[in-house]
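Chain by chain, the residues:
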Amino acid sequence: MQSSEVPRVVVGVDGSPSSYAALRWADRYARGVGGAVEAVCVWDTPSSRGWSGPAIDPEFDLGQARERFTQELHAVFPDGPPAGLTEHLVEGDPSEVLIRASEGAALLVVGRRGRGGFARAVLGSVSQRCAQHAACPVVVVRQEDDPAR
């Protein structure tokens, strides 16, 4: 990264309290270093596997994913997103998308645990894969005690 470039701080947002804490952390960090935050929300068509193969939920689409992302950003920034925040809504596997987004970034910020997983797991599978494979340093943020902070 050249000195004239603004540091990119990529943060994964999935609607979990940990991802909200990660987004707040990324915003504070970026303001401190004169960087820009890129909020990345990854969506996939919900499906389930059954004896006949995968069943796709035809009611879920890109519009719903976009609306959910907007609601998540509003939950973290009720007065509107900070200046310079860019939003990326990407279809795919969350860890693969975030690892790809980490290329050229100064920092990747993820929540400790997302929406899925096991309650006793120390790290979620996405945060663990990002910590192992990202192209830049990774900060893993745990959920704050007060979700309204």
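Please read these numbers as outputs of a predicted model, since none were measured by experiment.

Chemist: For this particular structure, what's the right way to read the sheet that holds strand 7 (residues 138-141)?
Modeler: Backbone-to-backbone hydrogen bonds join strands into a sheet, with any given pair of strands oriented parallel or antiparallel. Here we have five strands laid out as an open sheet, ordered 5-2-1-6-7, and parallel in their pairing. Each of the sheet's edge strands pairs with one partner strand only, and the pair in question is strand 5 (86-91) and strand 7. Each strand axis lies, on average, 25° off the axis of its neighbour in the sheet, ignoring direction. Summarising the sheet, strand 1 (residues 8-12) and strand 2 (residues 36-43) pair through five bridges and their orientation is parallel. Residue pairing in the sheet places valine 9 in a bridge with valine 37 of strand 2. Where helix 2 (residues 62-76) meets the sheet, its contacts fall on strand 2 and strand 5, and the angle it forms with strand 5 comes to roughly 145°.

Chemist: Looking at this structure, I do not really get the nonpolar core. What am I missing?
Modeler: Note on soluble globular proteins: their nonpolar side chains tend to be buried together. Within the largest apolar cluster, 20 residues are counted, with the highest numbers of intra-cluster contacts made by Val11, Leu23, Ala39 and Val109. Of all elements in the fold, only strand 1, helix 1 (17-33), strand 2, helix 2 and strand 6 (107-111) reach the threshold of two or more residues within this core. Counting residues per element, this core draws most heavily on helix 1, at six residues. If we ignore the near neighbours within four places in the chain, the residues touching valine 11 are Ala22, Leu23, Ala26, Val37, Glu38, Ala39, Val40 and Val109. Counting 13 residues, the second largest nonpolar core, distinct from the first, contains Val97, Ile99, Ala101 and Val110.

Chemist: I keep staring at the environment of valine 139 and nothing clicks. Help me out?
Modeler: Mapped onto the elements, valine 139 comes out in strand 7. Separated by 114 residues in sequence, valine 139 and tryptophan 25 place their C-alpha atoms 9.4 Å apart.

Chemist: Just checking my understanding: could you explain the packing of helix 3 (residues 94-101) against helix 4 (residues 125-133) for this structure?
Modeler: A pair of packed helices is captured by two measures, namely the crossing angle of their axes and the spacing between those axes. Two numbers describe how helix 3 lies on helix 4: the axes approach to 9 Å, and their chain directions differ by 35°. Pair helix 3 / helix 4 crosses with right-handed handedness. Across the interface between the two elements, Pro94, Ser95, Glu96, Leu98 and Ile99 from helix 3 touch Val126, Arg129, Cys130 and His133 from helix 4. When grouped by side-chain class, the residues that make up the contact of helix 3 with helix 4 number five nonpolar, two polar and two charged.

Chemist: Any chance you could explain the state of the cysteines here in plain terms?
Modeler: By definition, a disulfide links the sulfur atoms of two cysteine residues through a covalent bond. Going through the model one piece at a time under the given rule, you end up with zero disulfides. Free of any disulfide, cysteine 136 has its nearest neighbouring cysteine sulfur in cysteine 130, separated by 9.2 Å. A relative accessible area of 10% places cysteine 136 in the buried class.

Thresholds, definitions, all that
- Residues numbered from 1 in each chain as written.
- Predicted model: local features only at pLDDT ≥ 70, side-chain atom pairs only at ≥ 80, totals over all residues.
- Heavy atoms only, no water.
- Pairing = 2+ DSSP bridges.
- Helix = DSSP H or I, 4+ residues; strand = E, 2+ residues; numbered from the N terminus.
- Axes fitted to C-alpha atoms, helices over the stretch in contact; angles between N-to-C directions.
- Contact = heavy atoms within 4.5 Å.
- Core = buried A, V, L, I, M, F, W, Y, C linked by side-chain atoms within 4.5 Å.
- Buried < 20%, exposed > 50% of the residue type's maximum accessible area, 1.4 Å probe, protein only.
- Left-handed = near helix turned anticlockwise from the far one by under 90°.
- Nonpolar A, V, L, I, M, F, W, Y, C, P; charged D, E, K, R; others polar.
- Disulfide = S-S within 2.5 Å.

Everything listed is a geometric property; what it means functionally is a separate question.
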